[in-house]
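Examination of the molecular architecture
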Amino acid sequence: MSAATPSVQEVKKTTCYMCACRCGIRVHLVDGQVRYIDGNPDHPLNQGVICAKGASGIMKQYSPARLTKPLLRKPGTERGAGQFVETTWDEAFRLLSERLAKIRSTDPKRFALFTGRDQMQALTGLFARQFGTPNYAAHGGFCSVNMAAGMIYTIGGSFWEFGGPDLDRAKLFVMIGTAEDHHSNPMKIALSKFKRNGGRFVSINPVRTGYSAIADEWVPIRPGTDGALLLAIIHEIIAQGLYDRDFLVRYTNAGQLVNLDEKSDEFGMFLRTEVPEEEGCFDPQNKLWWDRAANKPVVTHTEGCDPYLLGEFKLADGTPVKPSFQLLQERVKDYTPEWAEGLTGIPAATIKRLAWEMGVTARDQKIELPIAWTDSWGKEHDTVTGNPVAFHAMRGLAAHSNGFHTIRALAILMSLLGTIDRPGGFRHKAPFPRPIPPCAKTPNTPLAVKPDSPLDGMALGWPAEPDDLFVDEEGKPVRIDKAFSWEYPLSVHGLMHNVITNAWRGDPYRIDTLLIFMANMAWNSTMNTVEVRKMLNDKDEQGEYRIPFIAVCDAFQSEMTAFADLVLPDTTYLERHDVMSMLD
């Protein structure tokens, strides 16, 4: 007998795609087949730690629901029946390319491409822009958009992949609205070290599971009322004088004067003066303070000047003005802990104690590191200082109708405590922070959509003013999901959950082809699964589908693939080289 051929064993290192964490993993193969997955101890993010979901990636790889060949809906069958015939890649590409070529040469916006959280948005976004369609977005419009938009519009960065708490140096850590599904392994590693080093951990969450179970204090709260709690804490921080005045003056708009003349076109806007124009889209440094020593308005950051943060003043022409910090104090005047108790269910005494603990920890346990640096205004500093109060928040805050402003309230609280981009507080990750708002803009005219031409602008962006909205001359939306319109002006991640309904209605127009990439828009990307499935199968008076052609590119069977006219099988994260953005 001949000796058996020895098995070929390999270990390949890659990145886990089972959640947003992006942990390093080792994939163990025998004769080219995955046998098990474990954490990569050399990876800086997870240091060898892996969760059950990451280890179960082998189940994804060998799932019986895997799509392996291109499929065409069987002639004579209805959408939703799930009846297909196999076809070749050549035939699938021919069918799709001929259809898309005709659309691109006539009206590119009649092609819509929407994707799930596949992390290939650098490529899919590039494809959509080069095709020329404005109708592109990913899952963020019904997932992370309040978190990202709320904080980025306020401080230039956000939790999620954009930044996080510095638990190596924090003394007090407040986690609010967070489950265990995002950033889990690095967070668990950091929390373990934080607690061993004597840090205090407070978890604010409706249920005591996961992180809340190991917190030093669990504060239960009624779902969706986090904004009321944050406003009450802001009220207390200001009332007790526990804000970091030096930080607010130097690094925020707290001292900048706001026009309060209701008859003026500039009512509610910051006062501005003429200064040399700066390159890029950065906010010009043309705002004014009211200097305490000279008792007059001066350009912000004028050497030797120190602004009032509180008070009311008048310009020489009689225009009434106030510092924005004064307006914040007035806004939160009635948001007392007693008021918040009735909404959140958290006793007023607990809210006062939490605010006091945050403020005193930030004030009395400052960190100073011997690191020289130069700030944005060119001032050199010999050391880096920090206020060691760190926060972490997720969709528990964001996924509500009030989520955008709840997130903004958290960013304001962090600013009051002086914890932004400082040791022991919130630390941005490259390429953040961005200008406020970021530079990327969508087109602001339908003329940006032209046959046989790339889109003249970005499909997604950050409007800064009404002129940035992507609408036509009548103010109607240009995109099928109505993002960046008067209806949804700050929908910076698009609104993919609107697409099927709007396309079925023909509002604002009919489309021809919908390409769905790694997304189950008939099930988890919509507001009404029963009605949306009816829409996918509905026909007009001529007997034609209201959405004429649906192509789905996915690795797995789903509710969505059953309604496809063409199915293209995709790869899993263990089968491909990929492009990953710095956000992950």
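Residues numbered from 1 in each chain as written. Predicted model: local features only at pLDDT ≥ 70, side-chain atom pairs only at ≥ 80, totals over all residues. Heavy atoms only, no water.

On to helix H15 (residues 529-537), then. Within the span of H15, buried status applies to Val-532, Met-535 and Leu-536. What you see down the axis of H15 is that its buried residues fit within an arc of 100°, all on one side. Taken together, the buried residues of H15 touch helix H14 (499-505) and strand E24 (549-554). (Buried < 20%, exposed > 50% of the residue type's maximum accessible area, 1.4 Å probe, protein only. Helix = DSSP H or I, 4+ residues; strand = E, 2+ residues; numbered from the N terminus. Arc of directions from axis to C-beta. Contact = heavy atoms within 4.5 Å.)

With burial as the criterion, each face of strand E13 (residues 288-291) is covered, one bearing Leu-288 and Trp-290 and the other bearing Trp-289 and Asp-291. Bridging between E13 and strand E14 (residues 296-299) involves four bridges; their strand directions are antiparallel. Bridging from a neighbouring strand, Leu-288 pairs with Val-299 of E14. (Pairing = 2+ DSSP bridges.)

Taken as a whole and assessed by the stated rule, the structure comprises 17 aromatic pairs. A centroid spacing of 5.3 Å and a plane angle of 40° characterise the contact between Tyr-308 and Phe-313, whose relative ring orientation is tilted. Residue Phe-313 is classed as buried on the basis of its relative accessible area, which comes to 12%. Between Tyr-335 and Trp-339, the ring centres sit 4.7 Å apart and the planes meet at 35°, which makes this aromatic pair tilted. (Phe/Tyr/Trp six-rings, centres within 6.5 Å; stacked < 30°, edge-to-face > 60°.)

What follows concerns the state of the cysteines. Here a disulfide denotes a covalent bond joining the sulfur atom of one cysteine to the sulfur atom of another. Evaluated as defined, the whole model comprises zero disulfides. Here Cys-16 stays free of any disulfide, with the sulfur of Cys-19 as its closest cysteine sulfur at 6.3 Å. (Disulfide = S-S within 2.5 Å.)

Quick look at the environment of Tyr-573 now. Its place among the elements puts Tyr-573 in the segment after strand E25 (566-569). Classification of Tyr-573 by relative accessible area gives buried; the value is 6%. Between the C-alpha atom of Tyr-573 and that of Gly-57, which follows or precedes it by 516 residues, the distance is 9.2 Å. The residues contacting Tyr-573, other than those within four sequence positions of it, are Thr-15, Cys-16, Tyr-17, Met-18, Ile-25, Ile-37, Gly-54, Gly-57 and Lys-60.

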